[in-house]
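The lines below spell out each chain.
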Amino acid sequence: MSDLGNDDDLLVLHGKRYWKQGRWSRDKKINVRTTARHRQLGLPWLDWGGEVYIPEHDGDAYIASRIRRRNPPRSRRRQSTAQTEATA
């Protein structure tokens, strides 16, 4: 049976949803060790009953803030071509 439909990994406290670290990592397609490293760097987490839980919205916001583009656009190339077109 698939683990995707199983909500045993979900914890709800005071209206906030927390997912077990392994499930949250799998959903984000990152390694559990990466999640553990980011917990030391500022990823919010909760220790509950000997398990580590990641808050759904706060954890998503943290990961989104850490994402960087692989190939950022070069602003110089855009400026130089725009100037060339403007003079032509």
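These lines cover the structure that appears in this document, whether it is placed above or below. The residue count restarts for each chain, going from 1 along the sequence in the order it is written. Reporting of local features is limited, given that this is a predicted model, to residues whose pLDDT is at least 70; pairs of side-chain atoms are given and counted only at 80 or more, and all residues count toward the totals for whole chains, interfaces and linings. Only heavy atoms go into the side-chain values, all of them from the structure, while hydrogens and water stay out.

**Comments concerning the nonpolar core**
Generally speaking, nonpolar side chains in soluble globular proteins are found buried as a group.
Logical step 1: Buried Ala, Val, Leu, Ile, Met, Phe, Trp, Tyr and Cys residues form a nonpolar core when they are joined through side-chain atoms within 4.5 Å. Here the term buried applies to any residue with accessible area under 20% of the maximum for its type, exposed to any over 50%, and partly exposed to those in between, with areas from a 1.4 Å probe on protein chains only. Counting six residues, the largest nonpolar core is built from Trp 19, Trp 24, Leu 43, Val 52, Ile 54 and Tyr 62.
Logical step 2: We call two residues in contact when some of their heavy atoms are within 4.5 Å. The contact partners of Val 52, leaving out residues within four places of it in the chain, are Trp 19, Lys 20, Gln 21, Arg 39, Trp 45 and Leu 46.

**A few points about helix α1 (residues 21–28)**
Structurally, the α-helix is built with 3.6 residues per turn, so residues lying three or four positions apart point the same way.
Logical step 1: For α1, the full list of buried residues reads Gln 21, Arg 23, Trp 24 and Ser 25.
Logical step 2: The inward-facing, buried residues of α1 abut β2 (16–20), α2 (32–41), β4 (51–55) and α3 (56–66).
Logical step 3: Phi for Lys 29, located one or two positions after α1, is positive at around 60 degrees. Per the convention used, a helix needs a DSSP run of H or I reaching at least four residues, while a strand needs a run of E reaching at least two, with both numbered from the N terminus.

**Describing the packing of aromatic side chains**
Logical step 1: Centres within 6.5 Å make a pair out of two Phe, Tyr or Trp rings, where for Trp the six-membered ring is used; the pair is then stacked when the planes are under 30 degrees apart, edge-to-face when over 60, and tilted otherwise. On inspection of all chains with the given rule, the structure shows zero aromatic pairs.
Logical step 2: Positioned over the ring face of Trp 45 is Arg 39, at 4.4 Å from the centre of the ring. Working rule: Lys NZ or Arg CZ, within 6 Å of ring centre, within 35 degrees of ring normal, means a charge sits over the ring.

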